[in-house]
Amino acid sequence: MPLLANLKRLFINKPIKRAVLVAFFGAVLLMVYLSKPDVARASHCNVSCSCITNQHTATRNWITVRHASTQLWIGSEFISHRQAFLMNYFFNEHVLAAMMMMTEQLVSVAMQQTLAIGAFLDAKHQMETQRLFQTMMARAHKDYHPDLEMCVIGTNAKSLASAQRHGEANAYVLSQLGIERSLNNENTNAGPGVKVDKEGRLDLFKTTFCDEHDKNNDLSALCDGSGPPQMQNIDVDYASLVDRPWTINTDFTTTPANLQDSAVTAMFEYLYGHEVFSPISAAFLTNIANHDALLDVRALAAKRAVAQNSFASLIGQKSRGSADSAQTQQYMTVLMQEFGIANTAEIDEILGERPSYYAQMEILTKQIFMRDQFYTNLYDKPVNIDRKGAAIQALSLTQNMDLFESKLRNEAMLAVLMELELEKVQFSVENKLNTLDAEAKIKITP
């Protein structure tokens, strides 16, 4: 039986508890005996063994039934104790209430801790956001604070495009003057022919470029002495007129012409087409056979125009700049003073009142990098270094385009030289063919 087994497990091998167990069973048997009806107690057998056996069986069955009912009653009492006392009273009234209060306490504490964690997270994000804003603000102050050197490059390049365009216009006008002179155009000094052209040029030489000390003072009779000293022999002095100055005070887009314009055109006429063609009259062109002469003149004028274009382009680059260049000259003056040139008149002589495209490119692509401030200012913010690099790259692209145009002019002149050499070979071949044709005709004639 489970109850007896539990009791046996509790009291076995323990003397005192074993005595208590014997007394307990004796009490139980006594109670069983006393609880039997008097008839059963009175009818005990003392006659035969079969009666005793029957009584023993009846007593055992009765004890078994009683044991089962007792076990059932004890089990029901344990169940009732568990349900009524442990579950309904002890658990519900004490344990469950304590657990509920504990849960409420844990939830409250957890919420307080979560609130603290949330406050820490809010503070963390707030501090990170403030740090990000401060970092971006510091970066903005650093990156968007241009260096003074950028202003130096920018202000000196303000009128570069207009000066280039103005120089191209001067080069075009000078080229057109050369073509008109080669074609004996009307209203030009070379229009009537060689005699008038040289007379006009000689008159200009007497009044402007003549130096009476030339030819061992033999030109004193030719010179009238009216020309300024700085213009003497300037018409043939390429170094003084074209090569040395950064800006030539000449502008063919305006009138009237000044002495520098006259000097440039005089040198231009000496270099290209010193001997002009005689004009072709209308009567000469009435004969169709003479038309080839006109084409030959124009062919020579075209070849000469290619050579003239290089000189005209150089003069255009060095001719004085546009009106905006006068403002740029102020900034360039500051740079020249940083080079140690304190005399303003000397600076004006170098740059000119309106610096040419050549002068501006000379400053931006060469002279500006010779200042020690440029290299000390390279110890600057990385973004400003990138800006300077971009500005220098832009100037380099402009310079490369000038080199490209110069190479195109060189290729054009080389092509003309090649054409002239091929023309000699062509004439030689044509003469040989004509000779062969004449000999063949003689052999065929009877």
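Residues numbered from 1 in each chain as written. Predicted model: local features only at pLDDT ≥ 70, side-chain atom pairs only at ≥ 80, totals over all residues. Heavy atoms only, no water.

Undergrad: Just to check I follow, could you spell out unusual backbone geometry for this structure?
TA: Most peptide bonds adopt trans geometry, and most residues besides glycine take a negative phi value. Cis peptide bonds are those with omega within 30 degrees of zero, and the linkage from Thr-255 to Pro-256 qualifies with -5°. Mapped onto the fold, Pro-256 is located in the loop between helix H9 (238–243) and helix H10 (259–271). Of note, Asn-187 is a non-glycine position whose phi angle comes to about 65°, a positive value. Notably, Asn-233 is not glycine yet its phi reads approximately 60°, a positive angle. Here Asn-233 falls in the partly exposed class, since its relative accessible area comes to 21%. (Helix = DSSP H or I, 4+ residues; strand = E, 2+ residues; numbered from the N terminus. Buried < 20%, exposed > 50% of the residue type's maximum accessible area, 1.4 Å probe, protein only.)

Undergrad: Sorry, what's going on with the nonpolar core here?
TA: By size, the foremost hydrophobic cluster in this structure holds 22 residues, and its most contacted members are Leu-174, Phe-209, Leu-241, Val-264, Phe-311 and Ile-315. Put simply, the parts of the chain that give this core at least two residues each are helix H6 (160–182), helix H7 (194–209), H9, H10 and helix H12 (291–318). With five residues, H10 is the single largest residue contributor to this core. Residue contacts for Leu-174: discarding those within four places in its chain leaves Phe-252, Val-264, Thr-265, Phe-268, Phe-311, Ala-312 and Ile-315. (Core = buried A, V, L, I, M, F, W, Y, C linked by side-chain atoms within 4.5 Å. Contact = heavy atoms within 4.5 Å.)

Undergrad: Could you clarify how one ought to interpret a nonpolar patch on the surface in this entry?
TA: Together, Phe-85, Leu-86, Met-87, Tyr-89 and Phe-90 make up a nonpolar patch on the protein surface, roughly 450 Å² of accessible area in all. Structurally, Phe-85 is set in helix H4 (residues 49–143). (Patch = residues over 30% accessible without salt bridge, like charges linked within 9 Å, V, L, I, M, F, W, Y side chains within 5 Å. Areas by Shrake-Rupley, 256 points an atom, 1.4 Å probe, with all protein chains shown as cover. Salt bridge = Lys/Arg side-chain N within 4 Å of Asp/Glu carboxyl O.)

Undergrad: Sorry if this is basic, but what is going on with the environment of Met-336 here?
TA: You can see Met-336 is positioned in helix H13 (residues 325–338). Since its relative accessible area comes to 3%, Met-336 is described here as buried. Remark: the alpha-carbon pair of Met-336 and Arg-371, spanning 35 residues in sequence, is separated by 9.9 Å. With near-sequence residues (within four places) excluded, Met-336 lies in contact with Ile-341, Ile-347, Ile-350, Leu-351 and Ile-363.

Undergrad: What should I look at first to understand the state of the cysteines in this one?
TA: Simply put, disulfide is the name for a covalent bond between the sulfur atoms of two cysteines. Summed over the entire model, instances satisfying the criterion amount to one disulfide. Paired by a disulfide, Cys-210 and Cys-223 hold their sulfur atoms 1.4 Å apart. Because the sign of the S-S torsion sets the handedness, a value of about -55° for the bond joining Cys-210 and Cys-223 places this disulfide among the left-handed ones. On the criterion of sequence distance, the pair formed by Cys-210 in the loop between H7 and helix H8 (214–217) and Cys-223 in the loop between H8 and H9 is long-range, its members being 13 residues apart. Assigned by exposure class, Cys-210 and Cys-223 land together as buried. (Disulfide = S-S within 2.5 Å.)

Undergrad: Help me understand the pattern of salt bridges, please; the structure alone is not making it clear to me.
TA: Two side chains carrying opposite charge are able to pair once their charged atoms lie near each other. Counted under the stated rule, the structure contains 15 salt bridges. A salt bridge links Glu-269 to Arg-181, with the nearest nitrogen and oxygen atoms 3.9 Å apart. Note that Glu-269 is positioned in helix H10 and Arg-181 in helix H6, a separation of 88 residues in sequence. Since its relative accessible area comes to 17%, Glu-269 is described here as buried. We classify Arg-181 as buried; its relative accessible area is 7%. The network of salt bridges with shared partners includes Arg-181, Asp-197, Arg-201 and Glu-269.

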